[in-house]
Amino acid sequence: MRWCPSSVLHLLRCVRLRPCIKRGRSRLPVWMRELWAYMSVVVQSLYFNSLTDSDVVFDSVFEPVFWTVDYVTRWFGTVFVCLVVILVSSIVLIAYIVLLPLVLNTYSPAWIVWHICYGHWNLVMIAFHYYKATKTSPGYPPTEKNDMPFVAVCKKCIMPKPARTHHCGICNRCILKMDHHCPWLNNCVGHFNQRYFFSFCLFMTLGCVYCVISGRNLFLDAYYRFKHLDTEKPGVPVTGMGVLIGLLPPGQTNYQTPAPPYTFRDRMIHKSIIYMWVLTSTVGVALGALTIWHAVLISRGETSIERHINSKERQRLAKRGRVYKNPYHYGRLNNWKVFLGVEKRSHWLTRVLLPSGHTPHGDGLTWDFLPVKKDLMPV
Ligand SMILES: [Zn+2]
Ligand SMILES: [Zn+2]
């Protein structure tokens, strides 16, 4: 309870704190000692708490730092989303302006069909899952449902928390089955949008790998020529995996761009190819590692937060000679079926390999069900 200063002053006079101020023992004037006693009572009445410990003090002292970090992350979320859109759009533009004409002019019809079909399918999957991941609410606990089962009370929201729910300091609210707050989505990853987040990471990685492999020979050739633009030395033919991955027409093992002098258009094409290859290879490695990490977590039936909690719990029980069992682990394959929403075999095509807006199993509040059974898998 917070008291107003006038009530505290009134309390001071009522409990007669003045006699406690020892006259003569201090050289300070009486009015200063009265003021000091008044301030002491005010501070203690406002901040005294029998449950206060070092963690509370630490959190209170660093609250401005946490607030600043959360505020900056929240603000930069919009910048990061714009950055993702701009970078992906630039790669798509280069693919259409530089790579597509090359494919159409030099490839066999079968390779042309393959590149156009795969490239557009991958692009649609990236765009769809990114849009859904940013726009879909991760899921919040209801504020008025009194019969909701809960395992704890959030100290920030002062509201009951269902199992797997955690508080996000950036969103400033509790999130159902919270995984993490993603600044690249400017959204929390939780129960209702985790599949979109993972699918976006997966298809973005596949897209980067596709660009890296398809553009490898073009990159090597452009990089070599870009390095020797000033000396105007002729480029050497680059031999590589062109035939294998479909960059070059079958039977052609060497690729050589026109000899110098280069026009402005040639230079821009060289720079674009180098930019595309460096960006996609860098993002592909980083996002690929993140995707593999999340795939491991999904196989274990854990979120990123639960990974730390379960690890501590596993160590604690191991010291007592007991084995920790994750209650949300239904078996590796079943974990994937639950995560992807696969209830029958055709769903692997319609819900995984094609854009799908289906909702996940359950409401994110209760987890005491076995969502996937073997007899639920008709063809
Ligand atoms: Zn909360
Ligand atoms: Zn959040």
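Rules used in this analysis
- Residues numbered from 1 in each chain as written.
- Chains lettered and ligands numbered in written order.
- Predicted model: local features only at pLDDT ≥ 70, side-chain atom pairs only at ≥ 80, totals over all residues.
- Heavy atoms only, no water.
- Disulfide = S-S within 2.5 Å.
- Buried < 20%, exposed > 50% of the residue type's maximum accessible area, 1.4 Å probe, protein only.
- Donors = N, O, S within 2.8 Å, 3.2 Å for Na, K, Ca; no water.
- Tetrahedral: all angles 85-135°; square planar, octahedral: opposite > 155°, others 65-115°.
- UniProt positions renumbered as here; feature names shortened; annotations may be inferred.
- Helix = DSSP H or I, 4+ residues; strand = E, 2+ residues; numbered from the N terminus.
- Phe/Tyr/Trp six-rings, centres within 6.5 Å; stacked < 30°, edge-to-face > 60°.
- Lys NZ or Arg CZ within 6 Å of the ring centre and 35° of its normal.

Looking up the protein in an unreviewed UniProt entry gives the name Palmitoyltransferase, with the organism given as Sparus aurata.

A. Geometry of the state of the cysteines. Under the definition given, this model contains zero disulfides. Of all cysteine sulfurs, the one in C201 lies closest to C182, which takes part in no disulfide; the gap is 7.0 Å. Given a relative accessible area of 6%, C182 falls into the buried group.

B. Spotlight on the coordination of the zinc ion (ligand 1). Around the zinc ion (ligand 1), the protein contributes the donor atoms C154 (SG), C157 (SG), H167 (ND1) and C174 (SG), which lie 2.1 to 2.3 Å from the metal centre. With four donor atoms in place around the zinc ion (ligand 1) and angles of 98 to 128° between them, the coordination shape is tetrahedral.

C. Up close: the coordination of the zinc ion (ligand 2). The zinc ion (ligand 2) binds to the protein through C168 (SG), C171 (SG), H181 (ND1) and C188 (SG), with metal-donor distances spanning 2.1 to 2.2 Å. Here the zinc ion (ligand 2) is ringed by four donor atoms whose angles at the metal span 102 to 117°, and the overall shape comes out tetrahedral. All donors of the zinc ion (ligand 2) come from a single chain, and their spacing in sequence reads C-x2-C-x9-H-x6-C. Classification of C188 as buried rests on a relative accessible area of 0%.

D. Structural detail: the UniProt feature "transmembrane region" (unreviewed entry) in the protein. As recorded in UniProt, the feature "transmembrane region" (unreviewed entry) lies at residues 72-99, 111-131, 196-219 and 274-296. Between the first and last C-alpha atoms of residues 72-99 the distance is 39 Å; the span itself is 100% helix and 0% strand. The straight-line gap between the two end C-alpha atoms of residues 111-131 is 30 Å; of that span, 100% is helix and 0% is strand.

E. Here's a closer look at the packing of aromatic side chains. One pass over the structure, following the stated rule, counts 16 aromatic pairs. Note on W67 and Y71: the rings are 5.3 Å apart at their centroids and 10° apart in plane angle, and the pair reads as stacked. In this pair, W67 and Y71 are both assigned in helix α4 (residues 63-106), four residues apart and thus about one turn of the helix distant. An angle of 70° between the planes, with centres 6.1 Å apart, marks the rings of Y328 and W367 as edge-to-face. You can see Y328 sitting in the loop between α10 (304-319) and α11 (332-340) and its partner W367 sitting in the segment after α12 (347-353), a full 39 residues away along the chain. On the accessibility criterion, Y328 (17% relative accessible area) is buried. Members of the aromatic cluster, joined through ring pairs, are W114, Y118, W121, F203 and Y210. Its guanidinium or amino end placed over the ring of W367, R164 lies 4.7 Å from that ring's centre, counting from NZ or CZ. Sitting over the face of the ring of Y140, R173 holds its NZ or CZ atom 3.5 Å from the ring centroid.

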